[in-house]
Amino acid sequence: MSQTREVSCPVRTVIVPAAGLGTRFLPATKSVPKELLPVVDTPGIELIAEEASALGASRLAIVTAARKAGVLGYFHTDEQLEHALENKGDSATLARVRRAASLVEPVAIMQDEPLGLGHAVGLAEAVLDDDEDVVAVMLPDDLVLPMGVMETMAQVRREYGGSVLCAFDVPRDEVSNYGVFEIAETDTGSVKRVLGMVEKPVVEDAPSTFVAAGRYLLDRQIFTALKEITPGKGGELQLTDAIELLIEQGHPVHIVVHDGSRHDLGNPGGFIRACVDFGLQHPDYQLGLRRYLRQRLAEEND
């Protein structure tokens, strides 16, 4: 496999696939996009915008659908609301209301029908500048904590070139829930070279316990690969298949094994846990929440 080092432009664009129906959250998502459901008091899409801004990106390419206009609308200025807060002298709330729009520029990309993650990512090529040689993809369903793994991934790309993905090391009996990496070691313990990927294997066939999370730093060649692969089950284009093709072509792909936690915001169970985690760190709610949880768990134990 090639180990060619590459000179990379800073990451300017983060692609956020957000056109899904949010069926696991129905009936709430019948009218409210799941990306706007608040983790305590901050919608998931703003957490993604914060992570993108910390990476140094200036563009949030949100792949969305006509029925989910509210996702882009969240970044728009609400003059009536801001005027009311100014009149009340509520500068703290006003700053929170304005924060999302100050983080990064949102750009809407319409996906008329859900044709897979690969299809959604491929649509975003149209908004890239000609000299962008790398693009980030952040799945809003995945909340990866602590934030900062994308910056580490960018450092790994500068050293090894190619594409870099985020991974977690999970217990072997859980690997069937994820895409699993076949890996080779490098000189850095938390960085592995990817030899292949297996989607939701049975435990006995899993090549490792390192599984994919929703953070990707992809060389621009990914768009060429997406044009070369064929649709799979359900007529969908899979991003995993395009990454596999790049590996077959000698393109370097690595993972960063993140020493942290993740929450699935697309699943009510994961969403609840995320709210608890954030609530325990929130200055306004942490004391009351800790007291309540201790009391509630004591009652359960009794």
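Sequence order as written defines residue numbering, which begins from 1 separately in each chain. In view of the model being predicted, local features appear only for residues whose pLDDT reaches at least 70, and side-chain atom pairs are presented and counted only at 80 or more, with totals across whole chains, interfaces and linings using the full set of residues. The basis for the side-chain values is all heavy atoms of the structure; hydrogens and waters are excluded.

- Looking up the chain in an unreviewed UniProt entry gives the name UTP--glucose-1-phosphate uridylyltransferase, with the organism given as Corynebacterium choanae.
- UniProt positions are given in the numbering used here, feature names are shortened, and annotations may be inferred rather than shown by experiment. If you open the UniProt record of the chain and go to Sequence similarities (unreviewed entry), you find "Belongs to the UDPGP type 2 family."

Digging into the overall build of the chain
And step 1. Think of it this way: any DSSP run of H or I at least four residues long counts as a helix, any run of E at least two long counts as a strand, and we number them from the N terminus. The helix and strand inventory of the chain stands at 10 helices and 13 strands.
And step 2. Computed over its C-alpha atoms, the radius of gyration of the chain comes to 20 Å, within 12% of the 19 Å expected for a compact globule of 302 residues.
And step 3. Projected onto its principal axes, the C-alpha positions of the chain cover 60 × 55 × 40 Å.
And step 4. For each residue, the accessible area found with a 1.4 Å probe, counting protein chains only, is set against the maximum for its type, and the residue is called buried under 20%, exposed over 50%, and partly exposed in between. Within the chain, the proportion of its 302 residues that are buried is 45%.
And step 5. It only takes one pair of heavy atoms within 4.5 Å for two residues to be counted as in contact. Put simply, of all contacts in the chain between residues at least 6 apart along the chain, 77% involve residues at least 24 apart.
And step 6. Working note: accessible area of the chain is about 15000 Å², and carbon and sulfur atoms make up 51% of it.
And step 7. In this tally Asp and Glu are treated as negative and Lys and Arg as positive; neither His nor the chain ends contributes. For this purpose, a charge sits on NZ of Lys, CZ of Arg, CG of Asp or CD of Glu. Counting 28 positive and 46 negative side-chain charges, the chain places the averaged centre of each group 4 Å from the other. Two things to know: the radius of gyration comes from C-alpha atoms, and the globule rule equals 2.2 Å times the number of residues to the power 0.38. Throughout, the Shrake-Rupley method with a 1.4 Å probe supplies accessible areas, and for residues the shown protein chains are the sole cover considered.

Thoughts on the nonpolar core
And step 1. Definition used in this section: a nonpolar core is a set of buried Ala, Val, Leu, Ile, Met, Phe, Trp, Tyr and Cys residues joined via side-chain atoms within 4.5 Å. Residues V14, L60, I62, M150, M153 and L217 are the most contacted members of the largest nonpolar core, which totals 41 residues.
And step 2. Top element by residues in this core is helix α6 (residues 149–160). It accounts for six residues.
And step 3. Other than its neighbours up to four places away in sequence, I62 contacts V16, A18, I45, V71, L72, F75, P106, V107, A108 and I109.

What to know about the packing of aromatic side chains
And step 1. In this analysis, rings of Phe, Tyr and Trp, with Trp reduced to its six-membered ring, are considered paired at centre separations within 6.5 Å, and the interplanar angle assigns stacked below 30 degrees, edge-to-face beyond 60, and tilted for intermediate values. Considering all chains together, one arrives at two aromatic pairs under this definition.
And step 2. For the ring pair F25 and F271, a centre distance of 5.5 Å and an interplane angle of 80 degrees mean the geometry is edge-to-face. Of this pair, F25 sits in the loop between β1 (13–17) and β2 (38–39) while F271 is found in helix α9 (residues 268–281), placing the two residues 246 residues apart along the sequence.
And step 3. F25 gets classed as buried once you look at its relative accessible area, which sits at 11%.
And step 4. Residue class for F271 comes out buried when judged on its relative accessible area of 14%.
And step 5. When the ring of Y74 is compared with that of F75, the centres are 5.9 Å apart and the planes differ by 85 degrees; the resulting orientation is edge-to-face.
And step 6. For Y74, a relative accessible area of 28% translates into the label partly exposed.

As for α6
And step 1. For a helix, the expected span equals 1.5 Å multiplied by the residue count minus one. In this model, α6 (12 residues) spans 16 Å end to end at C-alpha, consistent with the 16 Å of a helix rising 1.5 Å per residue.
And step 2. Along α6, the positions that sit buried rather than exposed are V149, M150, M153, A154, V156, R157 and Y160. For α6, the angular spread of buried residues about the axis comes to 160 degrees, placing them on one side.
And step 3. Two residues or fewer after α6 comes G161, characterised by a positive phi angle close to 75 degrees. Arc definition: it is the arc formed by the directions from the helix axis to the C-beta atoms.

Thoughts on the UniProt feature "domain: Nucleotidyl transferase" (unreviewed entry) in the chain
And step 1. Summarizing the sequence annotation, UniProt attributes the feature "domain: Nucleotidyl transferase" (unreviewed entry) to residues 15–274 in the numbering used throughout.
And step 2. The span residues 15–274 is 32% helix and 27% strand, and its two end C-alpha atoms sit 22 Å from each other.

Structural notes on empty space enclosed by the protein
And step 1. As defined here, a cavity is a set of points on a 1 Å grid over the protein atoms alone where a 1.4 Å probe fits but cannot get out. A pocket is an open set with protein on both sides within 12 Å along at least five of seven lines, and residues line them when an atom is within 4 Å of a point. Grid points are joined across faces, edges and corners, and a volume is the space filled by probe spheres set on the points. Applying the stated criterion across every chain, the model contains one cavity of 30 Å³ or more.
And step 2. Empty space within the largest cavity amounts to approximately 60 Å³.
And step 3. Forming the walls of the largest cavity are K34, E35, L37, G44, P140, D141, L265, G266 and F271.

Digging into the layout of surface pockets
And step 1. Considering only enclosed or pocket space, the second largest pocket measures out at about 480 Å³ in volume.
And step 2. Forming the walls of the second largest pocket are 20 residues, and the residues nearest its centre are D41, T42, E46, Y74 and R96.
And step 3. Of all the elements in the fold, those that place two or more residues in the lining of the second largest pocket are α1 (44–55), α3 (79–88) and α4 (91–103).
And step 4. Classification used: nonpolar for Ala, Val, Leu, Ile, Met, Phe, Trp, Tyr, Cys and Pro, charged for Asp, Glu, Lys and Arg, polar for all others including Gly. When its residues are assigned to classes, the lining of the second largest pocket shows eight nonpolar, four polar and eight charged.

Re the pairing of β1
And step 1. Most of β1 is tucked away, with five of its five residues classed as buried.
And step 2. Of the two faces of β1, both are covered, the one formed by T13, I15 and P17 as well as the one formed by V14 and V16.
And step 3. Note that β1 and strand β4 (residues 59–64) share five bridges and pair parallel. Residue V14 lies in a different strand from β4, and its bridge partner there is L60. Note on pairing: DSSP must find at least two bridges between two strands before they are called paired.

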